[in-house]
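Chains, contacts and geometry: an overview
Residue strings, one per chain:
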Number of protein chains: 2
Amino acid sequence: MSLLVHKYGGTSVGSIERIEAVADRVAGTLAAGHQIVVVVSAMSGETNRLTSLAHEITERPSSREMDVLLASGEQVSIALLAMALQKRGIDSQSFLGDQIPFKTDSSHERARIEFVAPNKLLEVVGRGAVPVVAGFQGVDDVGDVTTIGRGGSDTSAVAIAHAVDAAECLIYTDVAGVYTADPRIVDKAARLAYVDFEEMLEMASLGAKVLHTRAVEYAHKNNVPMRVLSSFEDGEGTLVTSEMEHMEKPLVSAVTHERDEAKLTLLRVNDVPGIAWKILGPIGDADIMVDMIVQNVSVEGHTDFSFTVKRADYLRAKDLLEQSVRDNGFNECTVTGDDSIAKVTIVGVGMRSHAGVATTMFETLANENINIQMISTSEIKISVVIDERYVELAVRSLHDAFELDT
Amino acid sequence: MSLLVHKYGGTSVGSIERIEAVADRVAGTLAAGHQIVVVVSAMSGETNRLTSLAHEITERPSSREMDVLLASGEQVSIALLAMALQKRGIDSQSFLGDQIPFKTDSSHERARIEFVAPNKLLEVVGRGAVPVVAGFQGVDDVGDVTTIGRGGSDTSAVAIAHAVDAAECLIYTDVAGVYTADPRIVDKAARLAYVDFEEMLEMASLGAKVLHTRAVEYAHKNNVPMRVLSSFEDGEGTLVTSEMEHMEKPLVSAVTHERDEAKLTLLRVNDVPGIAWKILGPIGDADIMVDMIVQNVSVEGHTDFSFTVKRADYLRAKDLLEQSVRDNGFNECTVTGDDSIAKVTIVGVGMRSHAGVATTMFETLANENINIQMISTSEIKISVVIDERYVELAVRSLHDAFELDT
């Protein structure tokens, strides 16, 4: 018998039919002898509906009231799921953020979790009942409703799993787990039984949108085992856990890719201190996320400086860059860019202790005549920027080269 | 400068456009130098939508979870109205039941109000801001969400007005006030500037559906002046207050009517103790509301016993009555009924001290050849049951007879 946290996202509770299916799954897990705390999101579409209502009133609704508004979405799902469980003869009780309490700071719309009290949840679990907790929401010191922003409900679930010391935090989604590559591109893509926290973090931030980075970080920091699995079919999913727990790790665990990218380059910029700040400052000020940044070695006091942004931000970033060049008097400097690039990444904690992974990657791409435009590495991943046209070819050949289908 | 409570029902906040109109009205009242606490219902349709979701899951959802579910409706409206006020440069803050706190007992779906704390609301008002409070909902001793059931938001508003010692509790509805008769029937029906609490109670329970009886009772008990007025047009509305405050009262304030009635009669029933209980017990057990009850004097040990029910309950009540007759062996007894009757009532606190009102009423109806089938009276009202076909004629002639248009 284990104490488990089940988290169901908006699609998993998107209709009464889906809520009934979730109740069946929870009933099955109980029947198997486990104890469960369930965390749910708002029904899919509800958060958008509420946000639209607010935006009909004003472009900039106050954060405090936005939180009151949006928190109502999860309030509806917890009540409905508790009813569905009760219909099955399962004792169940819903919990709002302030009823746990799920304490956060007062940064509305992006509150940081301070403390999750386990007592009431454990009391309910202890009497054989199922607490159904509203994800995404918390309460601050003065009793105001807060929401924790991006990755909300996943992070809520992990924080609750940590608080009640659950054996696992199961995140039910619309995919069966984490794959060695996108199955839509690679037929032979295989579900990974295990992924290391650090690998998952790289994958999450690199286009594999299964779990939110923030939830994985929270789980990693507090060593809460997470499992990603489908709420639409049965299966073991993928266990996200610490490196130490498995004997042997493959060199490379997965190939991920991201299409939605654009590249900007500043050619022949003066290589003086503060240059990166001068270039990227206005970009950051405009709320444009910069991803890869590459600066070549300096030649004769000049350097080339490249970075990638989301494709939707490309034109705006290019304008800002050209403005920077004029403002700073970089007269010899040229701005170039390309909005049809993609990023392909191999990820694996095994890279730490093995040389030769980069060589294999570059050789594989060269054999396919794919030109590498930028390279960026960390201890456990290598990302390359290539022409978007070759993304499928690159992913498939790398998947083969690292034998990820085995 | 007065401290006022404004209450807006579901229709008044039924769309973003309507919420903006409410915000304009609140802004105008502030500009006139008043302080305001606003109480709102859920957007019209929302409570039905949520109830339907629950009933898709189960016929009998648990009361605790039903309250969690339904309370989300008001949560949405308070956030949206606070945003709309903020857009107008008005400092505003929403309040959920537990944030006030609005303390109730734990009878979910029909909780009784125990205590409304004024401090936080007065603090917000004191800094020139507008608290926007979720009607209908409260919190119990263990921190669970409760709802107060029928007449919810009106009663919430009165309780809050009482707590903050407001000068008036203004109930904004879709009618311009309380009228001397239904304006759809009587062209000359006039808006009443004042109505006594007791008159309002009689009218509310007798088919004039402007205010909920429970809210009026609460206001009466705590002497909170209420004002009924339209959120769709300007006007003074009708002040509902205590008798003592006005010098002179008319004999009769209004003529009300109710069509949706049916009459059942038991002819020649044995006049023995316990007979009313034997007849009406099964009716009440079946959750059928009995309104007027009339028993004639006994003749030769037999009496006739009549009562009225809602027309929709007529056939069910008749079946139960026939069953009672058989079960109790009332062999000489006959059950008759009529489901095309209406009730017409004259109401006025002035009746207390004046004779002759009943005479005028009966004379007026006799002059129009309208037969009176049942009569029931209280200190401040006289109700008669007549054939439904004559209801307009009766109301108009009584309106004229008591000179209510002046």
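This report concerns the structure included in the present document. (Residues numbered from 1 in each chain as written. Chains lettered and ligands numbered in written order. Predicted model: local features only at pLDDT ≥ 70, side-chain atom pairs only at ≥ 80, totals over all residues. Heavy atoms only, no water.)

To continue, consider the sheet that holds strand E18 (residues 381-387) of chain A. Through backbone hydrogen bonds, the strands of a sheet pair up, either in parallel or in antiparallel fashion. Residues and elements named next belong to chain A. In spatial order, the strands read E14-E15-E13-E16-E18-E17; together these 6 strands make up an open sheet with antiparallel pairing. Strands with a single pairing partner mark the edges of an open sheet, and in this sheet they are strand E14 (290-295) and strand E17 (374-378). Between one strand axis and the next, the sheet turns through 30° on average, direction left out of account. Two elements, strand E16 (residues 334-347) and E18, share 7 bridges in a ladder whose sense is antiparallel. Looking at E18, one finds that Lys343 is bridged to Val385. Running over the sheet, helix H11 (residues 391-401) touches strand E13 (254-270), E16 and E18 and is turned about 120° from E13. (Pairing = 2+ DSSP bridges. Helix = DSSP H or I, 4+ residues; strand = E, 2+ residues; numbered from the N terminus. Axes fitted to C-alpha atoms, helices over the stretch in contact; angles between N-to-C directions. Contact = heavy atoms within 4.5 Å.)

What follows concerns the sheet that holds strand E17 (residues 374-378) of chain B. Residues and elements named next belong to chain B. One open sheet accounts for 6 strands, arranged E14-E15-E13-E16-E18-E17; its pairing is antiparallel. A strand with exactly one partner marks an edge of an open sheet, and here the two such strands are strand E14 (290-295) and E17. Neighbour to neighbour, the strand axes of the sheet diverge by 30° on average, direction disregarded. In terms of strand pairing, E17 meets strand E18 (residues 381-387) through 5 bridges, oriented antiparallel. By the bridge assignment for E18, Ser376 is matched with Ser383. Lying over the sheet, helix H10 (residues 357-367) contacts strand E16 (334-347), E17 and E18, oriented at roughly 15° with respect to E18.

Residue and element names in this part refer to chain A. Where helix H5 (residues 152-164) meets helix H7 (residues 213-222), the closest approach of the two axes is 8 Å, and the angle between their N-to-C directions is 15°. If you check the angle between H5 and H7, you find them roughly parallel. Crossing of H5 over H7 shows right-handed handedness. Counting all contacts with H5, which are made through Asp154, Thr155, Val158, Ala159 and His162, the residues of H7 involved are Arg214, Ala215, Tyr218, Ala219 and Asn222. Tallied by class, residues from the contact of H5 with H7 come to 5 nonpolar, 3 polar and 2 charged. (Parallel < 35°, antiparallel > 145°, perpendicular 65-115°, else oblique. Left-handed = near helix turned anticlockwise from the far one by under 90°. Nonpolar A, V, L, I, M, F, W, Y, C, P; charged D, E, K, R; others polar.)

With that out of the way, let us pick up the packing of aromatic side chains. Inspection of the entire model under this criterion finds 4 aromatic pairs over all chains. Each ring, one from Tyr8 of chain A and one from Tyr172 of chain A, has its centre 4.7 Å from the other, and the planes form 10°; the classification is stacked. With Tyr8 of chain A in strand E1 (residues 3-8) and Tyr172 of chain A in strand E9 (residues 168-173), the pair connects residues that are 164 residues apart, well separated along the chain. In terms of burial, Tyr8 of chain A and Tyr172 of chain A fall into one category: buried. Between Phe305 of chain B and Phe307 of chain B, the aromatic rings sit 6.3 Å apart at their centres with planes inclined by 65°, giving edge-to-face as the arrangement. Of the residues examined, Phe307 of chain B reaches a relative accessible area of 1% and is grouped as buried. (Phe/Tyr/Trp six-rings, centres within 6.5 Å; stacked < 30°, edge-to-face > 60°. Buried < 20%, exposed > 50% of the residue type's maximum accessible area, 1.4 Å probe, protein only.)

All names here are of chain B. Relative to the elements of secondary structure, Ser242 occurs in the loop between strand E12 (238-241) and strand E13 (254-270). With a relative accessible area of 9%, Ser242 lands in the buried category. Engagement of the side chain of Ser242 in a polar contact is seen with the side chain of Asn223, the distance being 2.8 Å. Aside from chain neighbours lying at most four places away, what touches Ser242 is Asp196, Phe197 and Asn223. (Polar contact = N/O pair within 3.5 Å; in protein donor to acceptor, adjacent residues only side chain to side chain.)

Right, let's talk about the interface of chain A and chain B for a bit. Counting residues at the interface gives 39 residues for chain A and 39 residues for chain B. Where chain A abuts chain B, roughly 3,100 Å² becomes buried across the two surfaces, and 62% of that area is made up of carbon and sulfur atoms. On the chain A side of the interface with chain B, the three residues burying the most area are Ile57, Glu65 and Met83 of chain A, jointly 22% of the side's total. Our enumeration of links across chain A and chain B arrives at 2 salt bridges. Between Arg49 of chain B and Glu46 of chain A there is a salt bridge whose closest N-O contact spans 3.8 Å. Seen at the junction of chain A and chain B, the total is 12 residue pairs in polar contact (both at pLDDT 80 or more). Listing elements by their share of the side of chain A that touches chain B, those giving two or more residues are helix H1 (16-31), helix H2 (46-57), helix H3 (63-87) and strand E3 (92-95) of chain A. Looking at the side of chain A that touches chain B element by element, the count peaks at 17 residues for H3 of chain A. Here the side of chain A that touches chain B is composed, by residue class, of 20 nonpolar, 10 polar and 9 charged. (Buried area = accessible area lost by both parts, 1.4 Å probe. Salt bridge = Lys/Arg side-chain N within 4 Å of Asp/Glu carboxyl O.)

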